Amino acid sequence: MIRPSIQTVAAIHDISGYGKVSLTVAIPVLSSMGFQVCPLPTAVLSTNTEYGDFSFLNLTDNMEEMIKHWKRLNLRFDAIYSGFLGSHRQVEIVQDFINHFKQEQQLVVVDPVLGDDGHLYNSMSPAMIDSMKELIKSADVITPNLTEAALLLESDYREHVTESRLKDVMKALSEKGPEIVIISNVNKSLKKKHTYVYAYNAANETFWKITCDYLPGNYPGTGDTFASVVTGCLLQGDSLPIALDRAVQFISTSLRALYGTGRDPLAGIAVEKNLANLTAPFRPSTFEMIE
Ligand code: PXL
């Protein structure tokens, strides 16, 4: 008998009412790629945190209730994908979630959201860093930025890094557990109008570099968009460089759709306008393997 099936993704992120980040990105991206997203919301915010004066409802207790029910139902997830977490306790809950729902042929993606540009985000504590260091050990794929990579490795943050240092950083992170380490938004240059994504795949010891357009401005949610597209691509069996290239092109198109229109960048990028691109035939263009 042929049984139609749909792959499921447990998505553990906050939901923000305005300013597209986290679940409001992960749900449309992964759904339009044909996956069933099962949201486990960590918090409800009025807007993303870049707006400053936002309301914040912590959902830690509710997460535990939802997980209890999901355990009773014996649910299975083809992927587990976590992002912004509200507290040290929530990281522990995600750790327990991964331990409980672990299965063969599963993809575990952890975006270790902690900070950016050399600083911790407001809501992050030193205990958060310690528990995130533990959580990444259970992931197959992690997507830190350079700030998060430095925090996870207890090394100094530098804004500009050489390729050889990046390779050391990715290898060191991979040695903690994840097979794939992806670092985005590296060495952005206004002059060259470029920024880069680097990745390491320990399964075949390959390093990858993707060159991206750099358009200035703070567009929250680009990291979530990137990690969501990469998760979907890896789940559908794309190679790592194809997944990275598709994610970068999708962000670039969604950003260009708004750039110069006068819309507030804090509202996020125009993923809705480009969801059809995620299932269109794809022509990879910028990835290179580096020695
Ligand atoms: O994109 C990461 C993110 C997730 N969740 C919230 C955010 C942000 C970035 O600004 O504000 C609430």
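Now for a description of the structure that goes with this document. (Residues numbered from 1 in each chain as written. Predicted model: local features only at pLDDT ≥ 70, side-chain atom pairs only at ≥ 80, totals over all residues. Heavy atoms only, no water.)

This part covers the site of the ligand. As a matter of local geometry, the ligand sits amid Asp14, Ser16, Val21, Ser22, Leu45, Asn48, Thr49, Glu50, Phe84, Pro220, Gly221 and Asp224. Separating an oxygen atom of the ligand from a backbone N or O atom of Thr49 is a distance of 2.7 Å. Within the side chain of Asp224, an N or O atom sits 2.6 Å from an oxygen atom of the ligand. Alone, the ligand offers 320 Å² of accessible surface; in the complex the protein occludes 91% of this. Class assignment of the residues belonging to the shell around the ligand gives a composition of 4 nonpolar, 5 polar and 3 charged. (Near = heavy atom within 4 Å. Polar contact = N/O pair within 3.5 Å; in protein donor to acceptor, adjacent residues only side chain to side chain. Areas by Shrake-Rupley, 256 points an atom, 1.4 Å probe, with all protein chains shown as cover. Nonpolar A, V, L, I, M, F, W, Y, C, P; charged D, E, K, R; others polar.)

Right, let's get into the pairing of strand β6 (residues 79-82). Residues Ala79 and Tyr81 point to one face of β6 and Ile80 and Ser82 to the other, with burial holding for every one of them. Across 4 bridges, strand β1 (residues 8-12) lies against β6 in parallel orientation. The partner of Val9 across the bridge, within β6, is Ala79. As judged from the 4 bridges shared by β6 and strand β7 (residues 107-110), these two strands associate in the parallel manner. What sits directly across from Ala79, in β7, is Leu107. (Buried < 20%, exposed > 50% of the residue type's maximum accessible area, 1.4 Å probe, protein only. Helix = DSSP H or I, 4+ residues; strand = E, 2+ residues; numbered from the N terminus. Pairing = 2+ DSSP bridges.)

What follows concerns the packing of helix α3 (residues 88-101) against helix α4 (residues 126-135). Two elements in contact, α3 and α4, have axes separated by 8 Å at closest approach and are oriented at 10 degrees. Judged by the inter-axis angle, α3 sits roughly parallel to α4. Read as a crossing pair, α3 and α4 show a hand that is left-handed. Residue-level inspection shows His88, Val91, Val94, Gln95 and Ile98 of α3 in contact with α4, the latter providing Ala127, Met128, Ser131, Met132, Glu134 and Leu135. (Axes fitted to C-alpha atoms, helices over the stretch in contact; angles between N-to-C directions. Parallel < 35°, antiparallel > 145°, perpendicular 65-115°, else oblique. Left-handed = near helix turned anticlockwise from the far one by under 90°. Contact = heavy atoms within 4.5 Å.)

Turning to the nonpolar core, a few remarks are in order. Soluble globular proteins tend to pack their nonpolar side chains together in the buried interior. By size, the foremost hydrophobic cluster in this structure holds 45 residues, and its most contacted members are Phe97 and Ile183. It is α3 that provides the largest number of residues to this core, a total of 6 residues. Excluding anything up to four places from it in sequence, Ile183 contacts Pro144, Asn145, Leu146, Ala149, Leu166, Val169, Met170, Tyr196, Val197 and Tyr198. Judged by nonpolar contacts, the second largest core, of 42 residues, contains Val109, Ile182, Phe250 and Ile269. (Core = buried A, V, L, I, M, F, W, Y, C linked by side-chain atoms within 4.5 Å.)

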